[in-house]
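Single-letter residue listing:
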Amino acid sequence: MKIPAKGRAPDELLGELASMKQADADWKGGRVFSLVYHAGDDHTRLLERAHALYASGNLLNPMAFQSLRRMEAEITQMTAALFHGPPEAVGAVTSGGTESLLVAVAAYRDRARKQRRWMRSPEIVLPRTAHPAFDKAAHYFGIRLRKVEVDAGQRVDVAGVERAINARTIALVVSAPQYPHGVIDPVEEVGMIAERHGLPLHVDACIGGFALPWVERLGRPVPRWDFRVPGVTSISADLHKYGYAGKGASVLMWRSMADMKHQFFVATDFPGGIYASPTLIGTRPGGPIAAAWAAFQGLGEDGFLRLTQLTLDAADRVRAGIPQIPGLRLIGDSFGTIVAWGAAPGGPDVYAIADRLEARGWSVDRMQHPAAIHLTCTANHAAIADQYVADVAACAAEVVANPTLGRSGTAPMYGMIAKVPVRAMVKRSVMKVLETMYAPGAIVPDVTSADDPVSKLLERYGPQVDAVFDKVNALRERLRRR
Ligand SMILES: *Cc1c(COP(=O)(O)O)cnc(C)c1O
């Protein structure tokens, strides 16, 4: 495909885009979780119009775009107040959770380098449930991650955090909540450890930052996780999740400028001029910032409270319904907007249920270790929560009645990928999928027919190899817990 020789008419193009969109997941209908946070058509129209006004704006130069800088400042001030920050609290808007975390990790590395010049091979201590954006940051910036085990409720083991600290530790991390099961780590306890060791503590509230304050105000007991915990030095929170902004917006908040300043970057010798940049990206798109600002102002406290109440209604109904289904149970003790469920011991194959749910039009988020299904509930799901539980019950019954369903569809592939003890092999398989997707002329590969090591293993040995993997993994788990 090439750029057309002659430009095409806008109406024709917009019509084409609208028709291409039909092939995407139907997120307005509430059958998609975690990818889109829909607060109704009126709110979406506000986001679109605010975005359009600033679609060409660029906060790379705050002098040229003072209005965008002002919106950024107001967003971080509103966030600081919401997170009980001290008057000195500061922050910046980024393009998303990953950018917020990359910037935080880079800043903590540079801060440690300044304070401890002798330090080599920096390390960060974090729960094993922390978001992979930390793995990405560690990979990019040459940092080692010390992952700490979680307890039966999926909370990080506090004693394990303290044990993992050593002379190379540059920061501690906890999540509020972690993405997989929606569980809040013991932030206060880890905050005390951070203070005792003189270490900074980042709270990854990317998913929950703009939900928990409202959950608390609605009267649910929420353990402290924000700047009210003295040891907390920084917090990431995504505007494009429960901030109900358009995509491409998050904030990275700091207790004070003494902490924040390490994230700033300046290049002094570029012939194009002095180059100063507060975050990871260069050009900073104006649209997402304007839309996020409009979302805060448009919803107001009453709007956020109303959306959060609807969200909790949805999550509560799923939480109440799943344990009633024979063989299923909830995973982790989440009380908020996120729910995770899996199989009780001896229960049906979760990945087979997932395939059945997809056949009924649900978009399903599959997890591993343990096999589970994730739901990020939003206000949009209040209307369909009962239907969801009824469909899970029906699909689980189908799988119980016909266990061979676990050997068809995508279930064997997900089962195998979760179990292969040599994780480098899984990585190679997924790398292969990416190479296939980005091959010349390719668009979306069929992951179930990819020519990769895990698929080959599955083809060659089938379910027999499962039992061997189970034994190896059980042994490894026992060694790790020791
Ligand atoms: C979503 C999420 C991130 C990453 O955010 P992106 O916007 O997807 O880059 C980080 N941490 C947690 C807990 C998240 O849920």
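Residues numbered from 1 in each chain as written. Predicted model: local features only at pLDDT ≥ 70, side-chain atom pairs only at ≥ 80, totals over all residues. Heavy atoms only, no water.

Caption draft 1: Representation of the overall build of the protein. Summing up its helical and strand segments, the protein has 16 helices and 13 strands in all. A compact globule built from 482 residues should have a C-alpha radius of gyration of about 23 Å, and the protein, at 23 Å, falls within 12% of that. Expressed along its principal axes, the backbone C-alpha trace of the protein runs to roughly 65 × 65 × 50 Å. Scored against the burial criterion, the 482 residues of the protein give a buried share of 49%. For the protein, the share of sequence-separated contacts (at least 6 apart) that also reach a separation of at least 24 residues comes to 71%. Total accessible area computed for the protein in this model is approximately 23,700 Å², and 57% of it derives from carbon and sulfur atoms. (Helix = DSSP H or I, 4+ residues; strand = E, 2+ residues; numbered from the N terminus. Rg over C-alpha atoms; globule rule 2.2 N^0.38 Å. Buried < 20%, exposed > 50% of the residue type's maximum accessible area, 1.4 Å probe, protein only. Contact = heavy atoms within 4.5 Å. Areas by Shrake-Rupley, 256 points an atom, 1.4 Å probe, with all protein chains shown as cover.)

Caption draft 2: Summary view of the site of the ligand. Neighbouring the ligand are the residues Gly96, Gly97, Thr98, Leu101, His131, Tyr179, Asp204, Cys206, Ile207, Asp238, His240 and Lys241. Thr98 has a polar side-chain atom sitting 2.5 Å from an oxygen atom of the ligand. Between the ligand and the protein, one listed contact pairs an oxygen atom with a side-chain N or O atom of His240 at 2.8 Å. Here the ligand, which alone exposes 380 Å², has 85% of that area covered by the protein. Sorting elements by how many residues they give to the shell around the ligand places helix α4 (residues 97-115) first, with three residues. Among the residues forming the shell around the ligand, the class breakdown is four nonpolar, five polar and three charged. (Near = heavy atom within 4 Å. Polar contact = N/O pair within 3.5 Å; in protein donor to acceptor, adjacent residues only side chain to side chain. Nonpolar A, V, L, I, M, F, W, Y, C, P; charged D, E, K, R; others polar.)

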